[in-house]
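# Structural overview
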Amino acid sequence: PRATATMGEAPEPSSQAPLAVLSKVELRVSCKHLLDRDTLNKSDPCVLLLMQSQGQWVEVERSEVIKSNLNPVFAKIFTVDYYFEEVQKLRFEVYDSHGHAGVGTHDDDFLGGMECTVGQIVAQKRVTKPLFLKYGKFAGKSTITVISEEISGNNGYVELAFRAKKLDDKDLFSKSDPFLEIYRIDDDRSEQLVYRTEVRLGWSRPAATPWVPSPAELPRPPQVVKNNLSPIWEPFKVSLNSLCSCEEKRKLRCVVWDYDSRGKHDFIGEFFTTFEEMQKAMGENKVQWECMNPKYKIKKRNYKNSGVVVLLDLKIHRVYSFLDYIMGGCQIHFTVAIDFTASNGDPRNSCSLHYINPYQPNEYLKALVAVGEICQDYDSDKKFSALGFGARIPPKYEVSHDFAINFNPDNDECEGIQGVVESYQSCLPKIQLYGPTNVAPIISKVARVAADEERTKEASQYFILLILTDGVVTDMADTREAIVRASYLPMSIIIVGVGNADFTDMQILDGDDGVLRSPRGEPVLRDIVQFVPFREFKNASPTALAKCVLAEVPKQVVEYYSYKAFPPRCPQPDTPDSSLSSPQ
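Residues numbered from 1 in each chain as written. Predicted model: local features only at pLDDT ≥ 70, side-chain atom pairs only at ≥ 80, totals over all residues. Heavy atoms only, no water.

## Quick word on the sheet that holds strand S23 (residues 432–433)
Within a sheet, neighbouring strands are paired by backbone hydrogen bonds and run either parallel or antiparallel to one another. Here is the rule we go by: Pairs of strands are assigned from DSSP output, requiring at least two bridges between the strands. To qualify as a helix, a DSSP run of H or I must reach at least 4 residues; to qualify as a strand, a run of E must reach at least 2; elements of each kind are numbered from the N terminus.
Read from one edge to the other, the open sheet built from 3 strands follows the order S20-S19-S23, with strand pairing classed as antiparallel. The sheet is open, and its two edges are formed by strand S20 (398–400) and S23, each paired on a single side. Strand direction decides the pairing type here: strand S19 (residues 391–393) and S23, joined by 2 bridges, are antiparallel. Considered in S23, the bridge of Arg 392 is made with Gln 432.

## With respect to the pairing of strand S8 (residues 138–150)
With 8 bridges joining them, strand S1 (residues 23–32) and S8 adopt antiparallel strand pairing. Each residue of the ladder has a partner; that of Lys 32, found in S8, is Thr 143. Summarising the sheet, strand S7 (residues 126–132) and S8 pair through 6 bridges and their orientation is antiparallel. Directly across from Lys 129, in S8, lies its bridge partner Ile 144. Hairpin geometry of S7 and S8 is characterised by an intervening segment of 5 residues between the two adjacent antiparallel strands and by a positive phi of about 65 degrees at Tyr 135.

## Observations regarding the packing of aromatic side chains
Each aromatic ring pair is described using two quantities: the centre-to-centre distance and the angle formed by the ring planes. Filter applied, for reference: For Phe, Tyr and Trp, rings pair up if their centres lie within 6.5 Å, where Trp contributes its six-membered ring, and each pair is then called stacked (planes under 30 degrees apart), edge-to-face (over 60) or tilted (otherwise). Either the NZ atom of lysine or the CZ atom of arginine qualifies as a charge over a ring when it sits within 6 Å of the ring centre and within 35 degrees of the ring normal.
Here the structure, examined in full by the defined rule, presents 22 aromatic pairs. Between Tyr 95 and Phe 110 the ring centres are 5.5 Å apart and the planes differ by 55 degrees, which places this aromatic pair in the tilted class. Placement of the pair is Tyr 95 in strand S5 (residues 89–96) and Phe 110 in strand S6 (residues 109–117), with a sequence separation of 15 residues. The structure contains a cluster of three or more aromatic residues connected by ring pairs, namely Tyr 320, Tyr 325, Tyr 462, Tyr 560, Tyr 561 and Phe 566. The ring of Phe 272 has Lys 251 sitting right over it, with the charged end atom 5.9 Å from the ring centre. Just above the ring of Tyr 183 sits the side chain of Arg 253; from NZ or CZ to the centre is 5.8 Å.

## What about empty space enclosed by the protein?
Stated formally: Both cavities and pockets are sets of points on a 1 Å grid over the protein atoms alone; in a cavity a 1.4 Å probe fits but cannot get out, in a pocket the set is open with protein on both sides within 12 Å along at least five of seven lines, and lining residues sit with an atom within 4 Å of a point. Grid points are joined across faces, edges and corners, and a volume is the space filled by probe spheres set on the points. In this classification, the charged set is Asp, Glu, Lys and Arg, the nonpolar set is Ala, Val, Leu, Ile, Met, Phe, Trp, Tyr, Cys and Pro, and all remaining amino acids, among them Gly, are polar. Reported domain spans reflect what an automatic or database domain assignment gives.
Under the defined criterion, the tally for this structure stands at 1 cavity of 30 Å³ or more. Looking at the largest cavity, its volume works out to about 40 Å³. As for the largest cavity, its lining consists of Tyr 82, Tyr 83, Glu 86, Val 87, Gln 88, Val 118, Gly 119, Ile 374, Asp 377 and Tyr 378. Looking at the lining of the largest cavity residue by residue, the class counts come to 6 nonpolar, 2 polar and 2 charged. Shared between two domains, the lining of the largest cavity holds at least three residues of each, these being domain 1 (24–151) and domain 3 (330–564).

## Describing a positive patch on the surface
For clarity, the cut-off: A patch is a set of surface residues, each over 30% in relative accessible area and not in a salt bridge, joined within 9 Å for like charges and within 5 Å for the nonpolar side chains Val, Leu, Ile, Met, Phe, Trp and Tyr. Note on areas: Shrake-Rupley with a 1.4 Å probe; residue coverage comes only from the protein chains shown. When a carboxyl oxygen of Asp or Glu lies within 4 Å of a side-chain nitrogen of Lys or Arg, that pair is called a salt bridge. Only four residue types enter the tally: Lys and Arg on the positive side, Asp and Glu on the negative side, with His and both chain ends excluded. Think of each charge as sitting on NZ of Lys, CZ of Arg, CG of Asp or CD of Glu. Exposure is judged per residue with a 1.4 Å probe applied to protein chains only, and the accessible area is read against the type maximum: over 50% gives exposed, under 20% gives buried, and values in between give partly exposed.
The grouping of Lys 165, Lys 166, Lys 286 and Lys 304 at the surface amounts to a positive patch. Within the element layout of this structure, Lys 286 appears in the loop between helix H3 (275–278) and strand S15 (287–290). You can call Lys 286 exposed: its relative accessible area is 53%.

## Looking at the confidence of the model for the protein chain
What counts here: pLDDT is a per-residue confidence score from the predictor, ranging from 0 to 100. Any two residues whose heavy atoms approach within 4.5 Å at even a single point are treated as in contact.
Per-residue pLDDT for the protein chain averages 84, and the proportion of residues at 70 or more is 85%. A low-confidence stretch, residues 1–21 stays under pLDDT 50, and its non-local contacts, those more than four residues away or across chains, total 56 contacts. Per-residue pLDDT stays below 50 along residues 572–584; that stretch engages in 21 contacts with residues further than four places along the chain or on separate chains.

Shown next as C-alpha cells:
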C-alpha cells in the first residue's frame, strides 16, 4: 500500500494482517461548518480513515460522498480492531469530492483533517475536534465528531428453568425418564447441541460448557427425574453466544427424550422456538410449547401433542467487557515507582543505569514512556503519580521507600508523561542512591488509595502501578503480603527489571507459574502482577514492551469488577473536547 507523506494526500486502500484483537469498535463520523469549496453548490464531503502502521499512514476505509452539505452525518460506520496495549494512531481526512477518479485524488479539495488515537476515542466515547489544514492551520470553524461503540460479542449468559407436563409414556412397566436437549440451528441449517439435561447418575451435564462467572456457580447435580411424566429440570446456564450466537431471532430446536441406559433413547417430541420468544418468560410470566411427535401427528387422527414443555423462568446476566467500563467513564490512574538504590551506579557515570544521556534515554525512561503513553489516553486529567524508593532524600537525607520525585509530599502527581520525565531528571542530582530495594511500602501506598476508591462501590477508577527496579526486592515476604492484599482492590502491578541482574527470584511474584501466596499461605484473589526483564526488549521497538506488560490489564480490570459485581457507570453527558494539538 502507498502511504501518505503529508496530510491532504490520500493513500490507496489497504488491509492489515489481524493480530490478537481485544475487541472491535465502531466509529460514526459527522462534521460541522465545513469549508465551501464549490462555486455554484456547497461542498460534497467524504471522509477517509487512515491508521498509522510502521510510521506510515495507510488508508483503512472511506465513507460515502454526501452531496452539497457542509454539516454532513455520514452513514458509513468505520470498524477498527482495538488493542489496549498499543497506541493506535488514527487520522480522519475530509475532502470535497469532484467525483472524477475517486475521493482523495489531486482533483479533490482537502477540507481538513484530525489526528487522535483509538484509546482517546473509546475513553471519551464522543470526541469533537477542530479540523486542520496543512501546516497546522485551522480550517475555519470546521469540526469533526467521532462517536465510538463497542461491537457486542459474547456479552452475557442466560439462566433457564424448564419443566414438562403430561409427557407420553414410553416405558412398559414404569413411566418415562425424560430429559431435554436444546439445539441451535446455524445459517447452514446444521444443528449444534447447546445443552442436554441427562438422567444419568443424577448429573446434568452440558453438551457445550456454558459460560459461568466462577467455579462456585457451576451447575449442581440435580435430582434424578425418573418415572415422571411431569418433570421439573434443574435450572442451567448457557452463554448467549452458545445458545443463539447472540441473535435473538435464531431458531432453536428443543427435543424431549425418554432416557434408556443402553443409549437407545426414545423420542417423545420436539418444538421450535427462539430466544426472543423465550424472553417472554421473564418475571412472573411463563411460556409453554406443545411437544410434538411428527409421526404421531400424521398417523393418529385425534393426536393433539405428546405433552407440554414450560419455561418457568429466564434470567439474563450481562457480562461486561473492558470497553464497557472504559466507555462508562472508568479512569485508569497510572503510578510509576523508580528504584534509586546504590546498585544502579552513580548517575554521573556513563555506566550507571540512571545516567542521563543527552542523545538517548536510559532504560528507566524507555520503560516509563512506553507504558505511560498507553495509560495516559485513559486518564482525563493526564496527571500521574511518580514515586521513588531506596534513596536518601533531602533535607535530612534519610532513607525513604515511598517519596514523591517532585519533592511535593502533598501532591506527588506530575503533568503528563513529560512531567514525570522532567521530575525524574531533576531529582537525580538532589538525592543519594542508597538501599535496600524495598517495594512493599509503595505497593501499600497505592493500595490505600485504591481501597478508598473501592469504598465508592463504583467502577470509576482503576490503578496501575509500574515498578522499575534493577534487582531482586529485599523485602520479598512483605511484598508478597502486600500483593495478596492488593489483589482484592482495583489495581494491577507491572514490574520491569532494568539492567543485567539475575531476576530469577522475581518470577515468584508473577503468578504465571503458580498461585502467589502470602507468607501465611493465603493465595491472591486475582493474578495482578506482570514481571518482565527489560533486557528481553532492549533491541525491540518501545511498543513491544508495552504490548507485553499491558496485555493482561483489560482482563484484570474485568475480573475485579465482575468479582465485586460493579457494573459500568453511566457515561457522563457528552462534551466537546478540543485538547488535541494541531497535527505536525
